[in-house]
Amino acid sequence: MALLGSFTKQPSEQLPVDISYADVIGGRTATDITPTITVPSGMTSISSSVTGSVLQIYVATGSTGTTYRWVVRTSITIGGLVTIVEDEFDVVVLEV
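Residues numbered from 1 in each chain as written. Predicted model: local features only at pLDDT ≥ 70, side-chain atom pairs only at ≥ 80, totals over all residues. Heavy atoms only, no water.

(A) Representation of the pattern of salt bridges. In the structure shown here, the tally under the stated rule is two salt bridges. It is possible to trace a salt-bridge network through shared partners that takes in Arg69, Glu88 and Asp90. (Salt bridge = Lys/Arg side-chain N within 4 Å of Asp/Glu carboxyl O.)

Written out as structure tokens, the structure reads:
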């Protein structure tokens, strides 16, 4: 789909990042949404879950002054067919 932008956090914060698949699903019914999350070295994914058409990932750790690129490849089953979307976002870690 897209580069979703960048998010700034402090090293000790644990913050949620939400990815919505509503535009992909439209008015149809998705029977399965399965994300594969590539966590960059130096950061941690505390948890991830899908609720409705939204994937929520909790991101944590990282070294101050570093930008980390996350990649999420998601398989969405609609009407028996699988759609695969890929999203990316950057997490900028800064101590303020």
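Now that the structure has been shown, the text picks up again.
(B) Summary view of the packing of aromatic side chains. Counted by the stated rule, this structure contains two aromatic pairs. Ring centres of Phe7 and Phe89 lie 5.8 Å apart, and the angle between their planes is 80°; on these two criteria the pair is classed as edge-to-face. Highlighted residues: Phe7 in strand S1 (residues 3-9) and Phe89 in strand S7 (residues 81-93), separated in sequence by 82 residues. The class of Phe89 is buried, set by a relative accessible area of 0%. Taking 5.6 Å as the distance between ring centres and 10° as the angle between the ring planes, the aromatic pair formed by Trp70 and Phe89 counts as stacked. Pair noted here: Trp70 is in strand S6 (residues 66-78) and Phe89 is in strand S7, with a separation of 19 residues, a long-range link. (Phe/Tyr/Trp six-rings, centres within 6.5 Å; stacked < 30°, edge-to-face > 60°. Helix = DSSP H or I, 4+ residues; strand = E, 2+ residues; numbered from the N terminus. Buried < 20%, exposed > 50% of the residue type's maximum accessible area, 1.4 Å probe, protein only.)

(C) Up close: unusual backbone geometry. Although it is not a glycine, Thr61 sits at a positive phi angle of roughly 65°. Summarising the element assignment, Thr61 is placed in the loop between strand S5 (54-60) and S6. Overall, Thr61 belongs to the partly exposed group, its relative accessible area being 33%.

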